[in-house]
Amino acid sequence: MVGLDGWENQFIDSLSGGMKQRVGLARALANDPEVLLMDEPFSALDPLVKRDMQFELLSIQKKLQKTVVFVTHDIDEAFKLGTRVAIMRDGKIVQLDTPQNMFTNPADDYVSRFIESADRAKVFTVKHAMITPKCIVRPNDLPAQAVREMRSNNTSSAYAIDKDMGFLGVVTFDDAM
């Protein structure tokens, strides 16, 4: 499960740093704990091994559905691995939230400064840039109905959708006329 197939009979001293981390993860999982507490487990690894280990951890977490409390000082790592992230100051939680909510609603200036260097492109998805359509029409609507809808919604186009709200295309005011 931790990516060490073929290395089961090797002594720990013969393993690389990343492989030793995998052994540590396997040992932690062997007791089938409800919660895994990991204190900066990937901080000493080179960037490629670190990325692989992060992927392995996410895969294992998804498969086993374990709660993982992951301590790190790397905000990008926290946002990559965490569905909820806690930022602490002086031993107290300042904000516990999703990475997206931290960017859009930081609890205070400390949180704002703490996350300002984080890569927003890795936190926000297309969903966050989507616009809710002002005007929708259905395939069986007459062009006159589409024109009325666009006028009443003060827009020059309408999204055409099917019965399951699936996107079919865009109808412009000029096309409907």
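These numbers were taken from a predicted model, which means no experiment stands behind them. (Residues numbered from 1 in each chain as written. Predicted model: local features only at pLDDT ≥ 70, side-chain atom pairs only at ≥ 80, totals over all residues. Heavy atoms only, no water.)

Engineer: Sorry, what's going on with the pattern of salt bridges here?
Structural biologist: For side chains of opposite charge, pairing can occur when their charged atoms come near one another. The tally for this structure, following the rule as stated, stands at 4 salt bridges. Note that Asp32 is salt-bridged to Lys66, the shortest N-O span being 2.5 Å. Pair noted here: Asp32 is in the loop between helix 1 (17-30) and strand 1 (35-39) and Lys66 is in the loop between helix 2 (47-64) and strand 2 (67-71), with a separation of 34 residues, a long-range link. Judged by relative accessible area, which is 12%, Lys66 ranks as buried. In this structure, the salt-bridge partner of Asp164 is Lys163, at a minimum N-O distance of 3.6 Å. (Salt bridge = Lys/Arg side-chain N within 4 Å of Asp/Glu carboxyl O. Helix = DSSP H or I, 4+ residues; strand = E, 2+ residues; numbered from the N terminus. Buried < 20%, exposed > 50% of the residue type's maximum accessible area, 1.4 Å probe, protein only.)

Engineer: When you look at helix 6 (residues 143-152) in this model, what are you seeing that I'm missing?
Structural biologist: Residues that lie three or four places apart on an α-helix share one face, since the helix turns once every 3.6 residues. Among the residues of helix 6, Ala146, Val147 and Met150 are the ones counted as buried. Summarising the axial view, the buried residues of helix 6 lie within an arc of 100°, below the 170-degree limit, and thus occupy one face. What points out from helix 6, more than 90 degrees from its buried face, is the exposed set Arg148 and Ser152. Each element contacted by the buried residues of helix 6 is listed here: strand 5 (136-137), strand 6 (157-161), strand 7 (167-172) and helix 7 (173-176). Once helix 6 ends, the next one or two residues include Asn154, with phi positive near 55°. (Arc of directions from axis to C-beta. Contact = heavy atoms within 4.5 Å.)

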